[in-house]
Amino acid sequence: MSECIKTDAVIVGAGPIGLFTVFELGLLDIKCHLIDILPKPGGQCAELYPEKPIYDIPGHPMVTGQGLVDKLLEQIEPFRPTFHYGEMVDSLEVLGGPEATSFRVRTSGGEVIESKVVFIAAGGGSFQPKKPPIDGIDEYEGKSVFYSVRKMENFRDKNVVIVGGGDSALDWVLNLQPIVKRLTLVHRRDDFRAAPHSVTAMRELVAAGHIDLRIGQISALGGADGELSSVVVKAQDGSLEKIACEKLMPFFGLTMKLGPIADWGLNLHENLIPVDTERFETNIPGIFAIGDINTYKGKLKLILCGFHEGALAAQRAHRYVYPEKKLTFQYTTSSTNLQKKLGVN
Amino acid sequence: MTKITFIDSFGEARAVDGEDGATVMEIAIRNAIPEISAECGGGCACATCHVYVDEAWVEKTGKASDQEEDMLDFAYKVQPNSRLCCQIKVTPELDGLIVSTPDRQG
């Protein structure tokens, strides 16, 4: 485990709201660490609809999901936040009291971060791999069924079945094929949405007899004590084929799950965190919830509303981070002090 | 108004009125139809509004677009009559449409 990091604010989630809140906090001299389970910033904007146009961001008649993320990153650059990607917050411990708030956050990557305030900007929850609803799949997970590859060696000389038609599935077909005993790719149709060069490379391996391709869907698993021995593939015409297999990797994209947030002692209402509309603070002083994850009377799940929530929450956070300092409201247009922080004056 | 019937995986049918121009997914969410989660809110980006279109209606609802087919890769128990209902627009021709929902959206 690494040494404990100390900072002013931890932001859980690096989606658009988490990113913009870095800006609002930065203007108030509050330093941030952001934690996100995705390997990149942007949350849903970057993961679900990077290419899709958004029409309701003030001042941007049209901007794509990724376009907005790129602009936000540029905007918060002066504040040099620290990003922790590919990690989830496993636990959140309350250390201080309401007068001197302090929290200890532990991430799935083993980081320990202590901060004075915490902003939960986790949107619809953390992105996690979708699990196919095949009976009994749970008991094989971690031993025989994997949704990502941590150690390629685990697959050496094994019979491996990979399911899916996107880049993750095909990348692992191409990467694992040289070291496994036999690899079978299963996909529901004979069309692949992965990058064309990967599809071509895969088809060449099939043509050369180095891998097998089956068009169908996994309908059953065979094995015992968490050790898989076979899978059954159901073809479009209903015919079944049993394939010997010790390792199975299904790639069905990502879904959002609330995850460990449910265990942090926060009040929840239908998987959302109730907040007040003055400070966007949760039932625990010093922990704020902003963006899609919060709920209040009149809540709209809009990016622009999340920006507003982050700005107001930041004002309150200032009192926890700098209890002895009086906060004077300033505009970026006229305040030389703010402009200095932004590096424009 | 166009009548749409949703049949859940237990066989229970719910008939609701849909307004023309909306999507079948929006009608489902507005009427709290179970077994449709529509995580991405209609962007054809998540495959959690998967339905099976009743055989009699397959022709009228049309074929899935390439993008929708790509997204259906993320759904389970996909059949030839599978559609993402955020991509089906309600029109007067669809009056009486019947769709059923899979037991899981993932």
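Residues numbered from 1 in each chain as written. Chains lettered and ligands numbered in written order. Predicted model: local features only at pLDDT ≥ 70, side-chain atom pairs only at ≥ 80, totals over all residues.

Enquirer: Explain the overall build of chain A to me, using residue names and the numbers behind them.
Expert: Looking only at helices and strands, chain A features seven helices and 20 strands. For chain A, the C-alpha atoms occupy an extent of roughly 70 × 45 × 40 Å along the three principal directions. Relative to its full complement of 345 residues, chain A shows a buried share of 40%. Within chain A, contacts between residues at least 6 apart in sequence are counted, and of these 61% link residues at least 24 apart. (Helix = DSSP H or I, 4+ residues; strand = E, 2+ residues; numbered from the N terminus. Buried ≥ 20, exposed ≤ 12 C-beta atoms within 10 Å, placed from the backbone. Contact = placed C-beta atoms within 7 Å.)

Enquirer: Help me get a handle on the packing of helix H4 (residues 167-176) of chain A against helix H5 (residues 196-207) of chain A, residues and values and all.
Expert: All names here are of chain A. Running from N to C, H4 and H5 point in directions that differ by 45°, and their axes come no closer than 10 Å. As far as their axial angle goes, H5 and H4 are oblique. Classified by chirality, the crossing of H5 by H4 is left-handed. Counting all contacts with H4, which are made through Asp167, Leu170, Asp171, Val173 and Leu174, the residues of H5 involved are Ser198, Val199, Ala201 and Met202. In the contact of H4 with H5, the residues fall into six nonpolar, one polar and two charged. (Axes fitted to C-alpha atoms, helices over the stretch in contact; angles between N-to-C directions. Parallel < 35°, antiparallel > 145°, perpendicular 65-115°, else oblique. Left-handed = near helix turned anticlockwise from the far one by under 90°. Nonpolar A, V, L, I, M, F, W, Y, C, P; charged D, E, K, R; others polar.)

Enquirer: Can you break down the sheet that holds strand E15 (residues 240-244) of chain A residue by residue, with the values?
Expert: Residues and elements named next belong to chain A. Here we have three strands laid out as an open sheet, ordered E13-E14-E15, and antiparallel in their pairing. Looking along the sheet, the strands with just one partner apiece sit at the ends: strand E13 (217-224) and E15. The average angle at which neighbouring strand axes cross in this sheet is 25°, direction not considered. Of the strand pairs in this sheet, strand E14 (residues 227-234) and E15 are connected by five bridges, and their pairing is antiparallel. In the strand pairing of E15, Val231 is matched with Ile243. (Pairing = 2+ DSSP bridges.)

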